[in-house]
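A look at the structure
In case you want the letters, here they are:
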Amino acid sequence: MSQTSTDTKPAWASKINWTQIVSVIAMGLAMFGVDLEPDLQERLAVAITSLAGAATIIWRTWFTTTSLK
């Protein structure tokens, strides 16, 4: 049995979308905007990617509200 919700919110109101947007901006700054040593850039890129993935999982798992009809 599948339950779906017809109530949707706009894309700009999504915590997951904002997490990914911030991640992309931070990754761009780490790789191209800030003059860092290559080793530090690599570590920063891995950290940003890992944290964004973890935050997305947390938002999706515990902080998603749905209305059941």
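Structure: see above.
Residues numbered from 1 in each chain as written. Predicted model: local features only at pLDDT ≥ 70, side-chain atom pairs only at ≥ 80, totals over all residues. Heavy atoms only, no water.

**Here's the deal with the overall build of the protein**
Secondary structure assignment for the protein yields two helices and zero strands. The buried share of the protein, taken over its 69 residues, is 13%. Contacts in the protein between residues at least 24 apart in sequence constitute 55% of all its contacts with a sequence separation of at least 6. As displayed, the protein has an accessible area near 5,700 Å², and 67% of this comes from carbon and sulfur atoms. (Helix = DSSP H or I, 4+ residues; strand = E, 2+ residues; numbered from the N terminus. Buried < 20%, exposed > 50% of the residue type's maximum accessible area, 1.4 Å probe, protein only. Contact = heavy atoms within 4.5 Å. Areas by Shrake-Rupley, 256 points an atom, 1.4 Å probe, with all protein chains shown as cover.)

**Here we look at the side chain of Ser 23**
Take Ser 23: it is sitting in helix α1 (residues 15-33). The class for Ser 23 is buried, based on a relative accessible area of 12%. Ignoring sequence-local partners within four residues, the contact set of Ser 23 consists of Ile 48 and Ala 52.

**Examining the environment of Ser 14**
Mapping Ser 14 onto the fold places it in the segment before α1. Its relative accessible area of 14% is what places Ser 14 among the buried residues. Distance in space between the C-alpha atoms of Ser 14 and Thr 64 is 9.8 Å, their sequence separation being 50 residues. At a separation of 3.2 Å, a polar atom in the side chain of Ser 14 contacts the main-chain amide nitrogen of Asn 17. (Polar contact = N/O pair within 3.5 Å; in protein donor to acceptor, adjacent residues only side chain to side chain.)

**So, the pattern of salt bridges**
Under the definition given, this model contains one salt bridge. Between Asp 39 and Arg 43 there is a salt bridge, with its nearest N and O atoms 2.4 Å apart. Taken together, the positions of Asp 39 and Arg 43, both in helix α2 (residues 38-62) and four residues apart, correspond to about one turn of that helix. Residue Asp 39 is classed as partly exposed on the basis of its relative accessible area, which comes to 42%. (Salt bridge = Lys/Arg side-chain N within 4 Å of Asp/Glu carboxyl O.)

**Brief notes about the packing of α1 against α2**
Put simply, α1 and α2 touch, their axes get as near as 10 Å, and they point 180° apart. When the axis of α1 is compared with that of α2, the two are roughly antiparallel. Residues Lys 15, Ile 16, Thr 19, Gln 20, Ser 23, Ala 26, Met 27, Ala 30 and Met 31 of α1 touch α2, and the partners they reach there are Gln 41, Leu 44, Ala 45, Ile 48, Thr 49, Ala 52, Ala 55, Thr 56, Trp 59 and Arg 60. Residues belonging to the contact of α1 with α2 are distributed by class as follows: eleven nonpolar, six polar and two charged. (Axes fitted to C-alpha atoms, helices over the stretch in contact; angles between N-to-C directions. Parallel < 35°, antiparallel > 145°, perpendicular 65-115°, else oblique. Nonpolar A, V, L, I, M, F, W, Y, C, P; charged D, E, K, R; others polar.)

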